[in-house]
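# Residue-level structure breakdown
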Amino acid sequence: MDLLITYDVETTTPEGQARLRRVAKICEGYGHRVQKSVFEVVCREVDKIRLVAALHAAIDAKRDSVRIYHLGRHALDDVEHLGRPRETDPRGPLVI
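Residues numbered from 1 in each chain as written. Predicted model: local features only at pLDDT ≥ 70, side-chain atom pairs only at ≥ 80, totals over all residues. Heavy atoms only, no water.

### Considerations on the sheet that holds strand β4 (residues 65-71)
Rules: Any two strands between which DSSP finds at least two bridges are classified as paired. Secondary structure elements are taken from DSSP: a helix is a run of H or I of four residues or more, a strand is a run of E of two residues or more, and numbering for both begins at the N terminus. Note on definitions: angles span 0 to 180 degrees between N-to-C directions of axes, and those axes are lines fitted to C-alpha atoms, for helices only across the stretch in contact.
Judged by pairing direction, the sheet is antiparallel, and its four strands sit side by side in the order β2-β3-β1-β4 without closing on themselves. Looking along the sheet, the strands with just one partner apiece sit at the ends: β2 (31-35) and β4. On average, adjacent strands in this sheet sit at an angle of 25° to one another, irrespective of strand direction. Bridging between strand β1 (residues 2-8) and β4 involves seven bridges; their strand directions are antiparallel.

Next comes the structure, spelled out in structure tokens:
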């Protein structure tokens with residue numbers, strides 16, 4: 001399945017800054033960063049369940065927001081880019 005994950009983590013406190021780093025690290029473990037807080041993820045259903053659980057555990061639900069967009073099958077293969085070209089293939093190897 002193809003997913004687009006975006007997040008906004010409150011960073012006015014040291015705890016918020018730590019949550020931001022945790023959320024980014026979790027997302028890096030599942031997909032490719034395409035913008036500062038935007039990730040493209042290609043995964044199986046079981047991986048998505050683990051990803052969502054990890055993100056839910058990492059955020060403060062009263063201060064932070066994570067949005068997971070479920071895209072059509074192979075939707076990431078047909079993304080229109082403006083400006084700098086895509087640096088990674090969303091179906092390519094994920095280097096952690």
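### What about helix α1 (residues 14-28)?
Note the cut-off: The span expected for a helix works out to 1.5 Å for each residue beyond the first. Each residue is placed in one exposure class: buried if its accessible area under a 1.4 Å probe, protein chains only, is under 20% of its type's maximum, exposed if it is over 50%, and partly exposed if it falls in between. The arc in question is traced by the directions running from the helix axis to the C-beta atoms. Any two residues whose heavy atoms approach within 4.5 Å are treated as being in contact.
With 15 residues, α1 extends 21 Å from end C-alpha to end C-alpha; this agrees with the ideal 21 Å at 1.5 Å per step. Those residues of α1 lying buried are Gly16, Arg19, Val23, Ala24, Ile26 and Cys27. All buried residues of α1 project into a common sector of 160° when viewed along the axis, lining one side. Along α1, the residues that are exposed and aim more than 90 degrees away from the buried face are Pro14, Arg21 and Lys25. Against the buried residues of α1 lie β1, β2, β3 (38-42) and α2 (45-58).

### Points about unusual backbone geometry
Although it is not a glycine, His74 adopts a positive phi angle of roughly 60°. With respect to the element layout, His74 can be found in the segment after β4.

Shape is all these values report; function is a separate question.
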